[in-house]
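Next come the chains, spelled out residue by residue.
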Amino acid sequence: MENPYKPYPVIIDDIIVETDDKNLRTFHLKFLNSEDERKFNYMPGQFAEISVAGQGEVPIGIASSPTEKGFLKFTINKVGKVTTYLHNMKPGEIIGVRGPLGNSYPWDKLEGSNVVIIGGGFAFTTLRSSIVYMLHPENRPKYGDITVVYGARNPGLLLYKEELFAWERRDDLTLHITVDATDDPEWKYNVGFVPAITKEKAPSSENAYAIVCGPPIMIKFTLPVLSDLGFPPDRIITSLEMRMKCGIGMCGRCNIGTEYVCKDGPVFTFEQLSKLPNEY
Amino acid sequence: MKGLLISRNDLNSWIKSLAEKYKTFAPVRTESYDQFSMITSPEEINWAYRNTRLSPKALFHPHSEKMFQFSLDPRDPSKNILKEAPKDFSPRVIVGIRPCDAYALKLVDLNFDTSQYKDPWWTKRREITTLIGLACTSPGLTCFCKAVGTGPFDTRGVDILLVPLEDAFLLEIITEKGQILVEKYNPGGQEPPPEVLNNVEKLKSQAESAISSFGNLELLSENSVSDFFDAPLWNEVQFGCINCGTCTFLCPTCWCFDIQDEVYRDKGCRLRLWDSCMFPLFTLHGSGHNPRAQKVQRVRQRFMHKLKYFVDKYRQGVACVGCGRCVEFCPVNIDIRDIIRRMISLSECAV
Ligand SMILES: Cc1cc2nc3c(=O)[nH]c(=O)nc-3n(C[C@H](O)[C@H](O)[C@H](O)COP(=O)(O)OP(=O)(O)OC[C@H]3O[C@@H](n4cnc5c(N)ncnc54)[C@H](O)[C@@H]3O)c2cc1C
Ligand code: SF4
Ligand code: SF4
Ligand code: FES
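Conventions used here
Residues numbered from 1 in each chain as written. Chains lettered and ligands numbered in written order. Predicted model: local features only at pLDDT ≥ 70, side-chain atom pairs only at ≥ 80, totals over all residues. Heavy atoms only, no water. Helix = DSSP H or I, 4+ residues; strand = E, 2+ residues; numbered from the N terminus. Rg over C-alpha atoms; globule rule 2.2 N^0.38 Å. Contact = heavy atoms within 4.5 Å. Areas by Shrake-Rupley, 256 points an atom, 1.4 Å probe, with all protein chains shown as cover. Near = heavy atom within 4 Å. Nonpolar A, V, L, I, M, F, W, Y, C, P; charged D, E, K, R; others polar. Pairing = 2+ DSSP bridges. Buried < 20%, exposed > 50% of the residue type's maximum accessible area, 1.4 Å probe, protein only.

### A short note on the overall build of chain A
Now for step 1: Scanning chain A from N- to C-terminus turns up eight helices and 15 strands.
Now for step 2: A compact globule built from 280 residues would reach a C-alpha radius of gyration of about 19 Å, and chain A, at 18 Å, matches this within 12%.
Now for step 3: Seen through its C-alpha atoms, chain A measures out along the principal axes to roughly 50 × 45 × 35 Å.
Now for step 4: Residue pairs in contact within chain A that sit at least 24 positions apart in sequence constitute 68% of those at least 6 positions apart.
Now for step 5: Accessible area of chain A: about 11400 Å², with a carbon and sulfur share of 49%.

Okay, structure coming up:
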């Protein structure tokens, strides 16, 4: 068995500034060794530890989809020690990736169902992965209707803008882009908070699952909306965040009750969460 | 069980021969306490010790351990690429480990040695180590091994168990690893006569009866997590705690760790260091959010982990072997025995 703490070396291929405030950057990473790339088999919803020698590691959701070959994509918010250092790095530099870690969204269960994706802020990363994955021609027939509600505080804070606007024009996916507020007179999408837009667009819960990722406040107000639409707790899926180090259930810090978010999660249904202590 | 009656002299010469071949660790008196140290001669062993102040977990999970090393030198083609730090994994023997501490290693195996991931350093050190336990004939005032399902003569964690008799030892071979060691290096000794075996049984029941039971530990599994989590008990328990971390530091079944990088000039290493759920930084997010910001949450985490989460997750009993270290050394006398009793009585009321 391989050493699960040892990162695969990768080269930073490209860095894209995602948001107007420049606090979010997307890193395209390429494996130095092709056999490492083969071993790195992931599904949307999983994360990886990004390792910077001398700085440390940070757990980051995988924003690329397994259907996109040749690179991995991570969108990183500038927060503290490691993420700030990463923001100052340049293409061509070597870092490490350790993973894939954690569970994914329940792809076996989602097959044959309608999928409603609700995202807020920069928690859209693994949701992007999921959308790209489902839209792949080989996968698209496996899913029913795909509805996406994605919101940010203002247009400048939306991630993956070009992709979003392209998806908006597709007919095999319904996308509702929204912002909390904007003074842009040209803005042709929704204005309003994610829970309100979800209520207004009222995606059907018939044979559907909802995946909800975003800031705690958004989740708090979206849950009752979904419940009114008829989504039971075991069909509302989310991804949690806890401070992490090992990412493999060993260092002991990311537990909620009996569950290690890094290994048993980060993806849980609200049914599962209702049985755990409210300590996250 | 295969037993040998072996004189003190024979045991000493056996340990001497082992120490020539293996790195050998044993309880050694230092200043005012005992601790596991590497020995070259059996004379260094304090056979009369009760238990070491620090648990022997550090022999498997060092307080600070180099995981990887790397170069940051721009001229080095392997700059920024982590390489495994070289380590000495030559075979070793631990002599005189108490049955409680040895069983603690088995409990920690459940964390480090899983079907999905194996901690390479923990599992390797477990593999290369043969444990020669020392049965405990006079448990201390803070010991409660028997009450949490281990015991002063518990053989489940050791490869060989030594039972101290007047001027001799009964050497019991427990595992294949123990058998191999005895075959390789003959300790001498003879088949124990029935009166010796009777005497050993007597010593065992005497030692066990020195420890009183808390009642039925099974009750911990019967209540739900939230029954315990929301109990008013934690508010009372946490009151005196100063979050010093002594309890987790000394505990043989506490394994939590941190990972940190250190750099000196153009070289660096990734380290793993013991950490503690008693510290607020343990769970602090970069955003400032902290799910266990309050002391009561951290104190509850420590006890709930040992006495409920671990029990539910692995179904192998509690993550406490009753060594009594935390009871003895907590500066404000927080006593896990008291907490177990209160959790059990909570369950009794509920059933
Ligand atoms: C499953 C998961 C997925 C995530 N996905 C993303 C993502 O796609 N994009 C993104 O920008 N951020 C994501 N985060 C949050 C990100 O991990 C933290 O913002 C980051 O660790 C902060 O590190 P730092 O060194 O800059 O901050 P510091 O405050 O200096 O943190 C020091 C160390 O503590 C740990 N740590 C601190 N905060 C967190 C936290 N919130 N979660 C986990 N570990 C933490 C890390 O090991 C970090 O290096 C995710 C977190 C988790 C748990
Ligand atoms: S030793 Fe006592 S005071 Fe210190 S952290 Fe543990 S319970 Fe709290
Ligand atoms: S919790 Fe206390 S008594 Fe139990 S094993 Fe740990 S240190 Fe020993
Ligand atoms: S991050 Fe170490 S146990 Fe989850």
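Back to the text.
### A few points about the site of ligand 3
Residue and element names in this part refer to chain B.
Now for step 1: Around ligand 3, the structure places 13 residues, and the nearest of them are Cys251, Cys320, Cys323, Gly324 and Cys326.
Now for step 2: Looking at the shell around ligand 3, the elements that each hand over two or more residues are helix H10 (295-314) and helix H11 (325-329).
Now for step 3: In terms of residue class, the shell around ligand 3 is built from eight nonpolar, two polar and three charged.

### Remarks on the sheet that holds strand E5 (residues 83-84) of chain B
Residue and element names in this part refer to chain B.
Now for step 1: The four strands lie next to each other as E5-E4-E11-E10, forming an open sheet whose pairing is antiparallel. Where the open sheet ends on each side, the last strands, each with one partner, are E5 and strand E10 (257-264).
Now for step 2: As paired strands, E10 and strand E11 (residues 267-274) are joined by eight bridges and run antiparallel to one another. By the bridge assignment, glutamine 260 is partnered in E11 with leucine 271.

### What to know about the pairing of strand E6 (residues 94-101) of chain A
Residue and element names in this part refer to chain A.
Now for step 1: By the criterion of burial, E6 is predominantly enclosed, with eight of the eight residues buried.
Now for step 2: Pairing of strand E1 (residues 8-17) with E6, which is carried by four bridges, proceeds in the antiparallel orientation. Bridged to valine 10 within E6 is isoleucine 95.
Now for step 3: In this structure, strand E3 (residues 47-52) lies alongside E6, joined through four bridges in antiparallel fashion. Within the sheet, the bridge partner assigned to isoleucine 50 lies in E6 and is valine 97.

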